[in-house]
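The lines below spell out each chain.
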Amino acid sequence: DAGVTQSPTHLIKTRGQQVTLRCSPKSGHDTVSWYQQALGQGPQFIFQYYEEEERQRGNFPDRFSGHQFPNYSSELNVNALLLGDSALYLCASSLVGQQNNEQFFGPGTRLTVL
Amino acid sequence: RKEVEQDPGPFNVPEGATVAFNCTYSNSASQSFFWYRQDCRKEPKLLMSVYSSGNEDGRFTAQLNRASQYISLLIRDSKLSDSATYLCVVTYYNQGGKLIFGQGTELSVKP
């Protein structure tokens, strides 16, 4: 049973560039959430996708956008990168209606902005 | 004020010790509560859910006090493998799957 996968594992970009991160959910899951984790902090919710639509959004600027595909995989796009965007980006998948709404996390993409 | 607050630690304890982590949350509309564990440079993994009646899983005991908006995690007989960051997590009614994390408490168990 494949868990949540993310690509790439590491990425280095410069200020002003754009980046796309990818996530494949755990088999059988239909919902994907994205989180940003800065060093020494807990993950912060960016947004959640279900049925190819953004269902919820955290307190992140419009530079952060996403997409969900018919196969439930998802992308996170960040435009006009800032130094402060350097973080671990985590994708989590879940199944609507499951008990406790348990979310399974992928290994993350570590983004460094120089 | 942060929605979920934890003592960042680090907690340095010897093997076999009992250690307790505390967490407070600000929104009384909180619905579900969890403890996640995160190893260094890895993803968070669900350790246990927290129920109003309190719950235990082996050496781990979680408790919830809704009146005080307080959650705790007790680890008995600490092992070296318990060394990790422990994240307190809450979710709210009508907010679907949004997990709100505390900043985490780092635990280091020494021989």
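All figures in this text were calculated on a predicted structure; none of them were measured in a lab.

A.B. asks: Looking at this structure, I do not really get the pattern of salt bridges. What am I missing?
C.D. replies: Opposite charge on two side chains permits them to pair, given that their charged atoms come into close proximity. Residues and elements named next belong to chain B. Scanning the model with the defined rule gives seven salt bridges over all chains in all. Its salt-bridge partner being Glu 56, residue Arg 76 comes within 3.6 Å of it at the nearest N-O pair. Here Arg 76 is found in the loop between strand E8 (70-75) and strand E9 (84-92), whereas its partner Glu 56 is found in strand E6 (residues 55-57), with 20 residues between them in sequence. Judged by relative accessible area, Arg 76 falls into the partly exposed class, the value being 27%.

A.B. asks: For this particular structure, what's the right way to read the packing of aromatic side chains?
C.D. replies: The description of two aromatic rings rests on the distance between their centres and on the angle between their planes. Applying the stated criterion across every chain, the model contains twelve aromatic pairs over all chains. Summarising the aromatic geometry, the rings of A:Tyr35 and A:Phe105 are spaced 5.5 Å apart at their centres and angled 50° between planes, so their arrangement reads as tilted. Placement of the pair is A:Tyr35 in strand E4 (residues 31-37) and A:Phe105 in strand E10 (residues 104-105), with a sequence separation of 70 residues. Taking relative accessible area as the criterion, A:Tyr35 reaches 0% and is therefore assigned buried. Where A:Tyr35 meets B:Phe101, the ring centres are 5.8 Å apart and the plane angle is 85°; that geometry is what we call edge-to-face. With A:Tyr35 in strand E4 and B:Phe101 in strand E10 (residues 100-101), this residue pair bridges two chains. Directly above the ring of A:Phe104 sits A:Lys26, whose terminal nitrogen or CZ lies 5.0 Å from the centroid. Above the face of the A:Tyr50 ring, A:Arg55 is positioned so that its terminal group lies 5.3 Å from the ring centre.

A.B. asks: Please clarify how the pairing of strand E7 (residues 60-65) of chain B should be interpreted in this entry.
C.D. replies: Successive side chains on a regular strand alternate, one facing one side of the sheet and the next facing the other. Residue and element names in this part refer to chain B. Both E6 and E7 contribute to a ladder of three bridges, which runs antiparallel. Paired with Asp 57 across the strands is Phe 60, a residue of E7. Pairing of E7 with E8, which is carried by six bridges, proceeds in the antiparallel orientation. By the bridge assignment for E8, Asn 65 is matched with Tyr 70. Where E7 folds back on E8, the antiparallel hairpin that results is connected by four residues, among which Gln 69 adopts a positive phi of roughly 55°.

A.B. asks: I tried to follow the sheet that holds strand E1 (residues 5-7) of chain A on my own but got confused; where do I start?
C.D. replies: Pairing between the strands of a sheet is mediated by backbone hydrogen bonds and can be parallel or antiparallel. Residues and elements named next belong to chain A. Strand order in the open sheet made by the four strands is E1-E3-E8-E7, with antiparallel pairing throughout. Because the sheet does not close on itself, it has two edges, and the strands there are E1 and strand E7 (64-68). Taking the axes of each pair of neighbouring strands and ignoring which way they run, one obtains an average angle of 20° across the sheet.

A.B. asks: Any chance you could explain the interface of chain B and chain A here in plain terms?
C.D. replies: When the parts of a complex come together, some accessible area is lost, and that lost area is often used as the size of the interface. Between chain B and chain A, the contact holds 20 residues from the first and 20 residues from the second. Taken together, chain B and chain A are joined by zero salt bridges. The interface formed by chain B and chain A holds three residue pairs in polar contact (both at pLDDT 80 or more) in total. Of the residues contributing to the side of chain B that touches chain A, the split by class is eight nonpolar, seven polar and five charged.

A.B. asks: Could you clarify how one ought to interpret the nonpolar core in this entry?
C.D. replies: Most often, soluble globular proteins keep nonpolar side chains buried together rather than apart. Residue and element names in this part refer to chain B. Grouped together as the largest cluster of nonpolar side chains are 25 residues, with contacts concentrated most on Trp 35, Ile 71 and Tyr 86. Those elements that place two or more of their residues in this core are strand E3 (19-25), strand E4 (30-38), strand E5 (44-50), E7, E8, E9 and strand E11 (105-110). Here this core takes five residues from E9, the largest share from any one element. With residues near it in sequence (within four places) discarded, Tyr 86 still touches Gln 6, Phe 21, Trp 35, Tyr 36, Arg 37, Leu 47, Phe 60, Leu 73, Ile 75, Gly 104, Thr 105 and Leu 107.

Definitions and limits used
Residues numbered from 1 in each chain as written. Chains lettered and ligands numbered in written order. Predicted model: local features only at pLDDT ≥ 70, side-chain atom pairs only at ≥ 80, totals over all residues. Heavy atoms only, no water. Salt bridge = Lys/Arg side-chain N within 4 Å of Asp/Glu carboxyl O. Helix = DSSP H or I, 4+ residues; strand = E, 2+ residues; numbered from the N terminus. Buried < 20%, exposed > 50% of the residue type's maximum accessible area, 1.4 Å probe, protein only. Phe/Tyr/Trp six-rings, centres within 6.5 Å; stacked < 30°, edge-to-face > 60°. Lys NZ or Arg CZ within 6 Å of the ring centre and 35° of its normal. Pairing = 2+ DSSP bridges. Axes fitted to C-alpha atoms, helices over the stretch in contact; angles between N-to-C directions. Contact = heavy atoms within 4.5 Å. Polar contact = N/O pair within 3.5 Å; in protein donor to acceptor, adjacent residues only side chain to side chain. Nonpolar A, V, L, I, M, F, W, Y, C, P; charged D, E, K, R; others polar. Core = buried A, V, L, I, M, F, W, Y, C linked by side-chain atoms within 4.5 Å.

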